[in-house]
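Understanding the architecture of this molecule
Single-letter residue listing:
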Amino acid sequence: MLDELLQRFQRRDRNALARLLSLVAHGERVDDILHGIGAPAKPARVVALTGGGGVGKSTLAGKLVEQARLHGLTVCVLACDPQSPLTGGALLGDRFRMPARPDDDGVFIRSLAAAGGRGAVAERLGPLIYLCESFGFDVVLVETVGAGQGDTAVHALVDVLVLLLQPETGDDLQWEKAGLLEVADVVVVHKADMPGAERVEAQVLATLALSAGAAAPVLRVSARTGAGVEALWSAIAARPLRRGRSDATRSAEKNR
Ligand SMILES: Nc1nc2c(ncn2[C@@H]2O[C@H](COP(=O)(O)OP(=O)(O)OP(=O)(O)O)[C@@H](O)[C@H]2O)c(=O)[nH]1
Ligand SMILES: [Mg+2]
């Protein structure tokens, strides 16, 4: 049964990929699956979109999918958003807001919100990413659960960590406390079509100026109007791939 799935995976059967992702998300046969799929033929560019609930991660992911396709790259989206009581569960919303053309086999979108609960999925994020990378996608885009301790762990599993903030959320200090700014490779002030974006941008720049590490680019972006989306794609594409990232991804579960 698993052997057959793995064979279909090697033949790039998307249903097999979907089934294997579900198994791993539920913590079933993870080692057998990792062993069976083999190493990726080429590294993917793995990008995480993280930020608080409702900051626009799913909407922006849809825009980045478009950018990837415009550049001729195949892309896989793993949406691990929580079944937020605020949104009543984002499962449907994610499909809705990521308008991949159904006939475009360069795009694969999988929501894992329902698989074993958010904690479980977050724990197995490494192997889930590794599966998508081995399948051969050029870009793997991960929508992670909102700001929290998990995000700093996500950093090691991805090449580019994109932190989304938005104007007037009233939790201006939250991202500083969480240390998220320090691990972000790109900071997006999202919903820049709304008032207050400049103020948040100024706060972020002031905070980054005080920190020791290399400053992450700060970009104002609106998925709604499309403003800044291309600049964001360029910033993501310009980041070097993280050395050793793929191995870290593969072994993430064993080492935890
Ligand atoms: N004004 C404005 N609203 C936006 C923008 N992008 C998304 N939104 C709205 O923000 C709300 C949340 O968007 P989502 O993309 O679901 O946000 P999310 O971060 O994925 O949400 P969760 O997965 O539930 O944490 C929706 O009502 C969107 O229409 C934007 O650029 N500008
Ligand atoms: Mg979402």
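The text that follows walks through the structure, step by step, so that each part is easy to find.

Each value, and the rule that gives it
Residues numbered from 1 in each chain as written. Chains lettered and ligands numbered in written order. Predicted model: local features only at pLDDT ≥ 70, side-chain atom pairs only at ≥ 80, totals over all residues. Heavy atoms only, no water. Axes fitted to C-alpha atoms, helices over the stretch in contact; angles between N-to-C directions. Helix = DSSP H or I, 4+ residues; strand = E, 2+ residues; numbered from the N terminus. Parallel < 35°, antiparallel > 145°, perpendicular 65-115°, else oblique. Left-handed = near helix turned anticlockwise from the far one by under 90°. Contact = heavy atoms within 4.5 Å. Nonpolar A, V, L, I, M, F, W, Y, C, P; charged D, E, K, R; others polar. Buried < 20%, exposed > 50% of the residue type's maximum accessible area, 1.4 Å probe, protein only. Polar contact = N/O pair within 3.5 Å; in protein donor to acceptor, adjacent residues only side chain to side chain. Salt bridge = Lys/Arg side-chain N within 4 Å of Asp/Glu carboxyl O.

Quick look at the packing of helix H1 (residues 2-10) against helix H2 (residues 14-25) now. Following both chains from N to C, one finds H1 and H2 inclined at 130°, their axes separated by 8 Å at the closest point. One element, H1, and the other, H2, form an angle in the oblique class. By crossing handedness, the relation of H1 to H2 is classed as left-handed. Residues Leu2, Leu5, Leu6, Arg8 and Phe9 of H1 form the contact with H2, whose participating residues are Asn15, Ala16, Leu17, Arg19, Leu20 and Leu23. Split by residue class, the contact of H1 with H2 holds 8 nonpolar, 1 polar and 2 charged.

Along the chain, His26 turns up in the loop between H2 and helix H3 (30-37). With a relative accessible area of 43%, His26 lands in the partly exposed category. Remark: the alpha-carbon pair of His26 and Leu112, spanning 86 residues in sequence, is separated by 9.8 Å. Side-chain polar atoms of His26 contact the backbone oxygen of Ser22, separated by 2.8 Å.

Taken as a whole and judged by the stated rule, the model has 11 salt bridges. Across the pair Arg8 and Glu4 runs a salt bridge whose closest N-O atoms are separated by 3.6 Å. Of this pair, Arg8 and Glu4 both sit in helix H1, 4 residues apart, which is roughly one turn of the helix. Between Glu198 and Arg220 there is a salt bridge; the shortest N-O distance is 3.5 Å. Taken together, the residues span a long stretch of sequence, with Glu198 in helix H11 (residues 197-210) and Arg220 in strand S7 (residues 218-220) at a distance of 22 residues.

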